[in-house]
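What follows is each chain in one-letter form.
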Amino acid sequence: MGRAFTDGVSKGNKLKLTTKKRSWKPLADLQGLSGRTRDIGSDMGPMVEVPAMVRIENEKWVFERISQETLTHLTHRLIIHETEGPRTLGATLDLETAMQVAQGMARTEGSVVLIEPLR
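Residues numbered from 1 in each chain as written. Predicted model: local features only at pLDDT ≥ 70, side-chain atom pairs only at ≥ 80, totals over all residues. Heavy atoms only, no water.

Details of the overall build of the protein chain
Stage number 1. Scanning the protein chain from terminus to terminus reveals five helices and five strands.
Stage number 2. Going from N to C terminus, the protein chain has its helices and strands arranged as α-α-α-β-β-α-β-β-α-β.
Stage number 3. Within the span of the protein chain, comprising 119 residues, buried residues form 13% of the whole.
Stage number 4. Pairs at least 24 apart in sequence give 36% of the contacts found in the protein chain among residues at least 6 apart. (Helix = DSSP H or I, 4+ residues; strand = E, 2+ residues; numbered from the N terminus. Buried < 20%, exposed > 50% of the residue type's maximum accessible area, 1.4 Å probe, protein only. Contact = heavy atoms within 4.5 Å.)

A short note on helix H3 (residues 31-44)
Stage number 1. Look at H3: 20 Å from first C-alpha to last across 14 residues, which is about the 20 Å you get at 1.5 Å a residue.
Stage number 2. The element H3 is barely covered by neighbouring structure, given that only one of its 14 residues are classed as buried.
Stage number 3. Gly-45 occupies a position one or two residues after H3 and carries a positive phi of about 90°. (Expected span 1.5 Å × (residues − 1).)

Re the sheet that holds strand E3 (residues 76-82)
Stage number 1. The three strands lie next to each other as E4-E3-E5, forming an open sheet whose pairing is antiparallel. In the strand order of this sheet, the two ends are held by strand E4 (85-92) and strand E5 (113-117), each with one partner. When the angles between neighbouring strand axes are averaged without regard to direction, this sheet yields 30°.
Stage number 2. Pairing between E3 and E5: five bridges, direction antiparallel. Bridging across to E5, Ile-80 finds its partner in Val-113.
Stage number 3. Relative to the sheet, helix H5 (residues 95-108) contacts E3, E4 and E5, its axis offset from that of E5 by approximately 165°. (Pairing = 2+ DSSP bridges. Axes fitted to C-alpha atoms, helices over the stretch in contact; angles between N-to-C directions.)

Quick word on the pattern of salt bridges
Stage number 1. For the structure shown, the criterion picks out two salt bridges.
Stage number 2. Put simply, Arg-77 and Glu-116 hold a salt bridge, and the shortest N to O gap is 3.4 Å. Pair noted here: Arg-77 is in strand E3 and Glu-116 is in strand E5, with a separation of 39 residues, a long-range link.
Stage number 3. In this structure Arg-77 comes out as partly exposed when scored by relative accessible area, which is 31%.
Stage number 4. Note on Glu-116: relative accessible area 29%, which makes it partly exposed.
Stage number 5. Salt-bridge contacts for Arg-87 lead to Glu-82; the nearest nitrogen and oxygen are separated by 3.0 Å. (Salt bridge = Lys/Arg side-chain N within 4 Å of Asp/Glu carboxyl O.)

This is the structure in structure tokens:
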């Protein structure tokens, strides 16, 4: 038995196995998902910037979904100018609310808020 280990295995008794190369193509695997994403994106239409409706209750921020009816009633957009460029803070349903927010930002942050009419 010791001789078998030292002499090795004869060439006629050796097994020859070829290793199968696996081809992993992540882009091909995700082809269906990316295609569906493109189709859904084109069906949705162009992207539109929608400001979030936020209210504060018990010192906590509460985010709400915006209905289409609310979007049609928005009258003023609040814009703050930063070094990167203008940034939209949100939109309000009337000028009085827009003025209150702009005054509050001026008092607390020391920044100027542009009130832009949407119509």
